[in-house]
Amino acid sequence: MREQVIPSLVESWYQILGAYQQSHPEITCQCLEVVGAYVSWIDLNLIANDRFVNLLLSQMSVEDLREEACDCLYEIVCKGMAPTDKTKLVESLCQVLQSAGFFNVDQEEDVDFLAKFSRLVNGMGQSLVLSWTKLAKGGAVKEAAEALRALETKVPLLLQLLVHDDDDISANIVGFCYDYLNVLKQGSEWQSHMPQVGRGGQEAIEEYWDSDKFPLLTDQQKTHVEDIMLAVMKKLTYDEEYNFDNEGEDEAMFVEYRKQLKMLLDRLAQVSPDLLLEAVGRVFNNTIQRWQTASFMEVEVAIRLLYMLGEALPASHGAHFSGDTAKTSALQDMMRTLVSSGLSGYQHTSVSLEFFETVVRYDKFFLVEPQHIPIVLMSFLDHRGLRHSSPKVRSRVAYLFSRFVKTLHKHMNSFIEDILSRIQDLLELAPPENGFPALLTSDDQLFIFETAGVLIVHGESPAERKQALMRSLLTPLTDAFRLLLAKLASEREEERQAALADCLSHAVGFASRTSKAFSNKQTVKQCGCTEVYRDCLQTFLPALSCPVQRGSLRSAVRSFLHRMIICLEEEVLPFVPAASEHMLKDCEARDLQEFIPLISQITAKFKDQVSPFLQQVFMPLVLAIFEVLCRPAEDNDQAAALEKQMLRRSYFTFIQTITSSGMNEVLANQGVENVERVLFTIIQGAVDFPDPIAQKTCFIILSKLVELWGGKDGMAGFPDFIYKHIVPACFLAPLKPSFDLTDAQTVLTLSECALTLKMIHLRRGPEFIQYLQQEYLPSLQVSPEITQEVCQVLQQPDAKVLKNYMKAFFQRAKL
């Protein structure tokens, strides 16, 4: 088609474009769209010639056609070709467009056309960048220099489009701008070095190409960089029409556009960090000096630029205030100005949010100048922060406050009790019958409780005082919990039940969150808080036997138990049997799925200490799982199928935890019938369910059981089970059609399968090899030669050889 039909097609397009451009512009537009669609895969010489391009350029001046003509030229420009040819094509196009007046962007009023034109210029600019890259890497010094000169001459046009009031026009040129800055980052050094290396210095070219030094900019390039900085700063500014209270599609588009501008700012920092720091400092200081009279857009963008510097200028672990003196002093000056200027009281949500975001972004500034902490703390705590009129600000400040305190709590010892008294009303559990909206949502309150915990735990008060403070923090929660639980038990209305259960769950969640300040039992003990949390546990556990709203209550108490295992360690063990008994009653798949990680955590942490309990709870848990898995479900109920799959995985993970924790007696002491039943479920999981994650776990379990019980002193009858069930599983599972050897997870399963065979050989020795040679592999119709191969590989010490061989073995078997 390309050789025979396309030339005729191109000629027909040319005739249509010429004949109908005045009489039938809609036909001409359709034809231009067709040309654009074909350009990428036909011979470009058919289109990129004087005759065709001149016609397209003439149509750029026809109002009804110029947008489609622009798109068509864009496709031509983006067509792959040799870099020198591409440079010539772009330059010739630019000359014609410039002479026709298209570069006079400020005189054009049609923003839809300008958006298309901006895209065309973006394509031309990026094409020149690509040409320069190829030529520079190839060592073509003269041609690369020409491409770079061509590129530089397009920057004034780039700037006109980048700074345009219409964000779509500006956004369309960002790609070219980013690539140009990348050229400056690498190209100036290359340009200054090339005359010295000549055409033969390929190694030097590559060395300089890969170097990460800041470029040596020419005066013209410095001017371009500064102009781009100013353009980016201007375009980052919010529009007056931006609706902060009800953000819609336009607002979402501006947020995305801001992200693109941030990429440019980050790249500017790589090109010239000093210029960027200086430019931002100038804008910031000029604005903050007059913040009382400046518009919110100006103030917000000034703080935003300071915030963005933190991500644009590299610093290890946020250490912006150590190291390079010029950078640290400039940032320190701006932060000092920010926190002492009083603009935290500016009455606009965007400025309030930006202030707190920036304070926390540079929280390490306060380690250098801690004298500013009190005034910033007050701004967090009063009407400027946690009590702001905007729920959006209050919510975000709750999170930021917790971060601020975590970093700087060592400098807050003298304010701890003052802070706790100021936030006391924010720590109240909002009762469900209260018709008034709370200042903070329950999610926001989690951060406040965590902050309170951090302040108490890391303060310098004696243990008795810390215990008293923690008790005063948690007692209102436990008191409210008892009252609400009693109400829930007698409540008949379902909606009211749900509201009470939510409130109870929040109380447990808040208490749990305060414990995040502790890292282990030792820190709880040092603070004298063991008894406080034990009392909480005793208060919350009765909720497990509540006959209504079981799901949410169990979930909350279970999460609290997870935390207490870390904080109280073995002191939590007396509560576990009763809690487990309640959680295993009338449970759904999700309940079990969430309960198993709790038992696994207890098993892995306490091992022999909980062996008697585990032996007692093992079969009730397993039977509860079997009962849920056997419940009938609709064939097309995907949610139920997924729940069962996840429960099955959790079950196998639980068995794996027991076997890998050296607690095989838990399984061994369940009686022969129960042990067999569990073992068969593991064989079934390894072979019958097409779930490579569960299958992998099953093979890990089988390998561990062979290691534990497969020797001469192992469990009676287990060697027989190995030959009758485990060995066949290792061959039947990979032979299943659902066992996809091109899938990475399945290949990991096969590796565990191979390691299981290896473990059988380690424990049973020559007897296993003899069984494979004389009985099992012949039963699968495996030839004597391949059987011999398998047995030889199994006897090699390198497990990797076996894994690779087994993959090839099953790939051949499936052909």
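Residues numbered from 1 in each chain as written. Predicted model: local features only at pLDDT ≥ 70, side-chain atom pairs only at ≥ 80, totals over all residues. Heavy atoms only, no water.

So, on to the nonpolar core. With 281 residues, the main nonpolar core has Phe117 and Phe731 as its most contacted residues. Beyond its immediate chain neighbours, meaning those up to four positions away, Phe731 contacts Leu757, Leu772, Tyr776, Leu777, Leu780, Met806, Phe809 and Phe810. (Core = buried A, V, L, I, M, F, W, Y, C linked by side-chain atoms within 4.5 Å. Buried < 20%, exposed > 50% of the residue type's maximum accessible area, 1.4 Å probe, protein only. Contact = heavy atoms within 4.5 Å.)

What follows covers the packing of aromatic side chains. All told, the structure shown has 38 aromatic pairs when counted by the stated rule. Through a chain of ring-to-ring contacts, three or more aromatic side chains come together here, namely Phe321, Phe355, Phe356, Tyr362, Phe365, Phe366, Phe380, Phe401 and Phe404. Just above the ring of Tyr74 sits the side chain of Arg119; from NZ or CZ to the centre is 3.8 Å. (Phe/Tyr/Trp six-rings, centres within 6.5 Å; stacked < 30°, edge-to-face > 60°. Lys NZ or Arg CZ within 6 Å of the ring centre and 35° of its normal.)

Here helix α17 (residues 349-361) contains 13 residues, and its C-alpha end-to-end distance of 18 Å stays within 8% of the 18 Å for a straight helix at 1.5 Å per residue. Most of α17 sits out of view: twelve of its 13 residues are buried. Among all positions of α17, only Thr349, Ser350, Val351, Ser352, Leu353, Glu354, Phe355, Phe356, Glu357, Thr358, Val359 and Val360 are buried. Where the residues of α17 are buried, they touch α15 (296-312), α16 (325-340), α18 (365-368), α19 (373-381) and α20 (391-408). (Helix = DSSP H or I, 4+ residues; strand = E, 2+ residues; numbered from the N terminus. Expected span 1.5 Å × (residues − 1).)

A few words on the confidence of the model for the protein. Per-residue confidence for the protein averages 89 on the pLDDT scale, and 95% of its residues sit at or above 70. Confidence scores differ between elements of the protein, with helix α11 (residues 202-210) showing the lowest mean pLDDT of 46 and α19 the highest of 97. Counting interchain partners and residues more than four positions distant, the pLDDT-below-50 stretch residues 195-202 has ten contacts. Low pLDDT (under 50) marks residues 204-214, which in the prediction has 24 contacts with non-local residues, meaning those over four places away or in another chain. (pLDDT = per-residue confidence, 0-100.)

The next subject is the packing of α17 against α19. Contact geometry for α17 and α19: axes closest at 12 Å, N-to-C directions at 135 degrees. Relative to α19, the element α17 is oriented oblique. The way α17 lies across α19 gives a crossing that is left-handed. Seen from α17, the contacting residues are Phe355, Phe356, Val359 and Val360; seen from α19, they are Val376, Ser379 and Phe380. Tallied by class, the residues present in the contact of α17 with α19 amount to six nonpolar, one polar and no charged. (Axes fitted to C-alpha atoms, helices over the stretch in contact; angles between N-to-C directions. Parallel < 35°, antiparallel > 145°, perpendicular 65-115°, else oblique. Left-handed = near helix turned anticlockwise from the far one by under 90°. Nonpolar A, V, L, I, M, F, W, Y, C, P; charged D, E, K, R; others polar.)

All right, on to the environment of Lys736 then. Turning to its location among the elements, Lys736 is positioned in the loop between α35 (718-735) and α36 (744-764). What makes Lys736 partly exposed here is its relative accessible area of 29%. When the C-alpha positions of Lys736 and Asp333 are compared, they lie 68 Å apart, and in sequence the two are 403 residues distant. When neighbours within four sequence positions are excluded, Lys736 is seen to be in contact with Val687, Asp688 and Lys814.

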